[in-house]
Amino acid sequence: MLKGLTWFLIAQLAGEACMRMTGLPVPGPVLGMVILFAGLILAPVIRTHIGASADLLLTHLSLLFIPAGVGVVLYLRELAQSAWALTVILLVSTWVGLAVTAWVAQFMLDREPHE
């Protein structure tokens, strides 16, 4: 399991290094996930190590919501001041996401050959 966590941290470090060296407007951890994905495809031997660590992280995934909850409580006054704007943004983005998903699903179903 320690090897899997080490692979996660190496991928994140590589992503941070790529972001800082290239100046890409993408967060380092996101680049690290892309690097990790490429590593999983190119070197399948690390799958077993990463799989054990990923299972452990998924088991305790609810703990990762604690910092977000603390942030909401910490900025509750600012969130309350922007409640209408946040509500509109959430509603519009949800509907746009649903519409795009439906459009892509319909497009993919139309491309599928019917028997």
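Keep in mind it's a predicted model, so treat the numbers as computed, not measured.

Novice: What is the right way to read the overall build of the protein chain from this model?
Specialist: Along the protein chain, the regular secondary structure elements total six helices and zero strands. The order of helices and strands in the protein chain, counted from the N terminus, is α-α-α-α-α-α. Against the 2.2 N^0.38 benchmark of 13 Å for 115 residues, the protein chain shows a C-alpha radius of gyration of 20 Å, more extended than a compact globule. Taken along the three principal axes of its C-alpha coordinates, the protein chain extends 55 × 50 × 35 Å. Looking at the protein chain residue by residue over its 115 residues, the buried ones come to 10%.

Novice: So what exactly am I meant to see when it comes to the packing of helix α1 (residues 2-22) against helix α2 (residues 28-42) here?
Specialist: In a packed pair of helices, the relevant descriptors are the angle between the two axes and the axis-to-axis distance. The N-to-C vectors of α1 and α2 enclose an angle of 120°; their axes lie 7 Å apart at closest approach. Taken as axis vectors, α1 and α2 run oblique relative to one another. Crossing angle aside, the handedness with which α1 passes α2 is right-handed. Residue-level contacts link W7, F8, A11, Q12, A14, G15, E16, C18 and M19 of α1 to G28, P29, L31, G32, I35 and L36 of α2.

Novice: What exactly am I supposed to notice about the pattern of salt bridges here?
Specialist: Between side chains of opposite charge, pairing is possible as soon as their charged atoms come close. Following the criterion strictly, the structure yields one salt bridge and no others. Taking the shortest distance from any N to any O, the salt bridge between R20 and E16 comes out at 3.6 Å. With R20 and E16 both in helix α1 and four residues apart, this pair spans about one turn of that helix. A relative accessible area of 65% places R20 in the exposed class. In this structure E16 comes out as partly exposed when scored by relative accessible area, which is 21%.

Novice: Would you mind going over the packing of aromatic side chains with me for this structure?
Specialist: Given two aromatic rings, their pairing is described by the distance between the two centres and the angle made by the two planes. One pass over the structure, following the stated rule, counts one aromatic pair. Relative to F107, the ring of W103 has its centre 5.9 Å away and its plane inclined at 15°; by these criteria the two rings are stacked. With W103 and F107 both in helix α6 (residues 83-111) and four residues apart, the pair spans about one turn of that helix. Among the residues examined, F107 registers a relative accessible area of 42% and is labelled partly exposed.

Novice: What am I meant to see in the confidence of the model for the protein chain here?
Specialist: A low pLDDT score tells you not to read the predicted coordinates there in detail. Chain-level statistics for the protein chain give a pLDDT mean of 91 and a share of 98% at 70 or above. Predicted confidence in the protein chain is weakest over helix α3 (residues 47-59), with a mean pLDDT of 88, and strongest over α6, with 95.

Rules behind the numbers
Residues numbered from 1 in each chain as written. Predicted model: local features only at pLDDT ≥ 70, side-chain atom pairs only at ≥ 80, totals over all residues. Heavy atoms only, no water. Helix = DSSP H or I, 4+ residues; strand = E, 2+ residues; numbered from the N terminus. Rg over C-alpha atoms; globule rule 2.2 N^0.38 Å. Buried < 20%, exposed > 50% of the residue type's maximum accessible area, 1.4 Å probe, protein only. Axes fitted to C-alpha atoms, helices over the stretch in contact; angles between N-to-C directions. Parallel < 35°, antiparallel > 145°, perpendicular 65-115°, else oblique. Left-handed = near helix turned anticlockwise from the far one by under 90°. Contact = heavy atoms within 4.5 Å. Salt bridge = Lys/Arg side-chain N within 4 Å of Asp/Glu carboxyl O. Phe/Tyr/Trp six-rings, centres within 6.5 Å; stacked < 30°, edge-to-face > 60°. pLDDT = per-residue confidence, 0-100.

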